[in-house]
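# Descriptive structure summary
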Amino acid sequence: MIFAIFLISIVAGAFGSILGLGGGVVIVPALTLLFHVPIRYAVGASIVSVIATSSGAAATYVRDHVTNIRIAMLLEVATTLGALGGAMLSALIPSRYLFILFAVVLLYSAVIMLRTKRTSEALLPEESDSWAKHLKLASSYPDAALRQEVHYGVKNVPEGMGLMLGAGVISGLLGIGSGALKVPAMDTAMHLPIKVSSATSNFMIGVTAAASAGAYYVRGDIQPRLAAPVALGVLIGAWVGTRLMMRMHSNKIRKLFIGVLVIIAIQMALKAAGVEIR
Amino acid sequence: MRNTNPERDLIRAETLISYMLRYGVILSASLLLLGLLFIALFSSQGARNFQLSAILHPAPPYTPSELYAGLRRGDPDTWLAAGLLLLIGLPILRVGLTMVLFLLEQDKTYFLITLFVFVILLSGIFLGKAL
């Protein structure tokens, strides 16, 4: 059992680090459905897996400056505020409707991402708009697949902040990570290259998860003998995943991401319908 | 540090943070690996320690003093807990260091932004409220 959990965690870490998602979408159903782990401990292990994905990936991404720290910090203001607000509201709104809403938002993001055609990251608009200029958000990263430094501008900062606030509210309400909403917001609204969106989302979800993990640990939801093999597997997976991602072509990453969005949307819709697979 | 290109300086300092992060991750992974191997190979139940009933059985050490005592005893379950706690602490440490970095860069806007995030994170931890 432990070895199977370890292997699944490697896969979760690899996907998570490539796509900028936490491992929760994979880890929680795997632990509860395949291994009959009580949901409480599965969620505890999953929150650790999100942090492991983030930290494991970050060591590579930051060194190659794919992660945009300024954007991450700026948007994190909106997400944390949204998450706090969402957590306070969560008692008031029945979660069933929220899961439907979340599924719709995810499908909508997938459609938008699918319709935004990008031939090459190198052809992205270089010009930032006034907010982004003022906040010095434009940057560049070395693209191993294109073998060149890709310079990028940043657009629609207020819209991006608004979407992040919404993502934060949803994650606070539902108690789930929101990498699936962060990446489309950065990709579609702010016109960031997908690799930058993914790496920056990864950084952000790790930070948010770490803040929650303290509470989980104190409550006793994080069982070391379960969370340790998960964390170790995810760290290895993230180490492999980051290296893969740097070499992958952006279009492939976007397609993979869109596919995963649809899967998560279906998962959420099933949840709303009362089928518990988390 | 304060020369012609502040963007380069920021990247250099970020590289430093990234190396700290990397060593933190390696240390955490080593603690987890050692703990798991010790439990699987040397404890009385061996690999049976990882069956569902056994996984959920041992209460994790919560308090700093329990952790300290466990580490001194060489208890592998405590190594696991220590590795996990280190892993959890790394992103928060990283935000803290980034905040110092912006302060050194005299980048007031981003210092305040990062300070805000840092305070929210810490309050989340101390209030025991999961974000």
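In this text the structure is predicted, and so the values were computed from the model without any measurement. (Residues numbered from 1 in each chain as written. Chains lettered and ligands numbered in written order. Predicted model: local features only at pLDDT ≥ 70, side-chain atom pairs only at ≥ 80, totals over all residues. Heavy atoms only, no water.)

### Description of the overall build of chain B
- From N to C terminus, chain B includes five helices and zero strands.
- Start at the N end of chain B and walk to the C end: the helices and strands fall as α-α-α-α-α.
- Scored against the burial criterion, the 131 residues of chain B give a buried share of 44%.
- Put simply, 54% of the contacts in chain B that link residues at least 6 apart link residues at least 24 apart.
- Put simply, chain B shows about 7,200 Å² of open surface, and 69% of that area lies on carbon and sulfur atoms. (Helix = DSSP H or I, 4+ residues; strand = E, 2+ residues; numbered from the N terminus. Buried < 20%, exposed > 50% of the residue type's maximum accessible area, 1.4 Å probe, protein only. Contact = heavy atoms within 4.5 Å. Areas by Shrake-Rupley, 256 points an atom, 1.4 Å probe, with all protein chains shown as cover.)

### So, the overall build of chain A
- A count of helical and extended segments in chain A gives eleven helices and two strands.
- For 278 residues, the compact-globule estimate of 2.2 N^0.38 gives 19 Å, and chain A sits close to it at 18 Å.
- Taken over the C-alpha atoms alone, chain A extends approximately 50 × 40 × 30 Å along its principal axes.
- For chain A, buried positions account for 62% of its 278 residues.
- Intrachain contacts of chain A at a sequence separation of at least 6 include 82% that bridge at least 24 residues.
- Placing the 22 positive and 12 negative side-chain charges of chain A at their respective mean positions leaves the two points 7 Å apart. (Rg over C-alpha atoms; globule rule 2.2 N^0.38 Å. Lys, Arg positive; Asp, Glu negative; His and termini not counted. Charge placed at Lys NZ, Arg CZ, Asp CG, Glu CD.)

### A short note on helix α1 (residues 2–19) of chain A
All names here are of chain A.
- The terminal C-alpha atoms of α1, which comprises 18 residues, lie 26 Å apart, in line with the 26 Å expected from a rise of 1.5 Å per residue.
- Residues of α1 that are buried include every one of Ile 5, Phe 6, Ser 9, Ala 12, Gly 13, Ala 14, Gly 16, Ser 17, Ile 18 and Leu 19, and no others.
- Those residues of α1 that are buried are in contact with α2 (24–35), α3 (39–63), α8 (179–189), α9 (194–219), α10 (224–247) and α11 (250–272).
- Looking one or two places after α1, you find Gly 20, whose phi comes out positive at around 75 degrees. (Expected span 1.5 Å × (residues − 1).)

### Description of the interface of chain A and chain B
- Taken residue by residue, the interface counts 59 residues in chain A and 54 residues in chain B.
- For the pair chain A and chain B, the summed buried area comes to about 5,100 Å², and 74% of that belongs to carbon and sulfur atoms.
- Together, Arg 70, Tyr 217 and Arg 225 of chain A form the three largest contributors to the area buried by chain A at its contact with chain B, with a combined 17%.
- For the pair chain A and chain B, the number of links is three salt bridges.
- For the side of chain A that touches chain B, the secondary-structure elements that each account for two or more residues are α3, α4 (69–89), α9 and α10 of chain A.
- The element that contributes the greatest number of residues to the side of chain A that touches chain B is α9 of chain A, accounting for 13 residues.
- Its residues assigned to classes, the side of chain A that touches chain B shows 40 nonpolar, 13 polar and six charged. (Buried area = accessible area lost by both parts, 1.4 Å probe. Salt bridge = Lys/Arg side-chain N within 4 Å of Asp/Glu carboxyl O. Nonpolar A, V, L, I, M, F, W, Y, C, P; charged D, E, K, R; others polar.)

### A closer look at the pattern of salt bridges
- Counting across every chain of the model gives six salt bridges over all chains.
- The shortest N-O distance in the salt bridge between Asp 221 of chain A and Arg 40 of chain A comes to 2.5 Å. Here Arg 40 of chain A lies in helix α3 and Asp 221 of chain A lies in the loop between α9 and α10, a separation of 181 residues in the sequence.
- Exposure remark for Asp 221 of chain A: the relative accessible area of 6% places this residue in the buried category.
- Linking Asp 77 of chain B and Arg 225 of chain A is a salt bridge whose minimum nitrogen-to-oxygen distance equals 2.7 Å. Taken together, the positions of Asp 77 of chain B in helix α4 (residues 76–104) and Arg 225 of chain A in helix α10 put the pair across two chains. Accessibility classification places Asp 77 of chain B together with Arg 225 of chain A in one group, the buried group.
- Here the salt bridges do not stand alone but share partners, grouping Arg 70 and Lys 136 of chain A together with Asp 107 of chain B into one network.

### Some thoughts on the environment of Ala 69 of chain B
- Secondary-structure assignment places Ala 69 of chain B in helix α3 (residues 64–73).
- In sequence terms Ala 69 of chain B and Ile 92 of chain B are 23 residues apart; their C-alpha atoms lie 25 Å from each other.

### Some words on α9 of chain A
Residues and elements named next belong to chain A.
- Its 26 residues give α9 an end-to-end C-alpha distance of 37 Å, which sits within 8% of 38 Å, the value for a rise of 1.5 Å per residue.
- Within α9, the axis deviates most sharply at Ser 212, by approximately 30 degrees.
- Counted residue by residue, α9 has 24 buried out of 26 residues, so it is predominantly covered. (Bend = angle between axes of the 7 residues up to and from the residue.)

### Points about unusual backbone geometry
- At Asn 156 of chain A, a position not held by glycine, the phi torsion is positive, near 50 degrees.
- Checked against the element boundaries, Asn 156 of chain A lands in the loop between β2 (148–152) and α7 (157–174).

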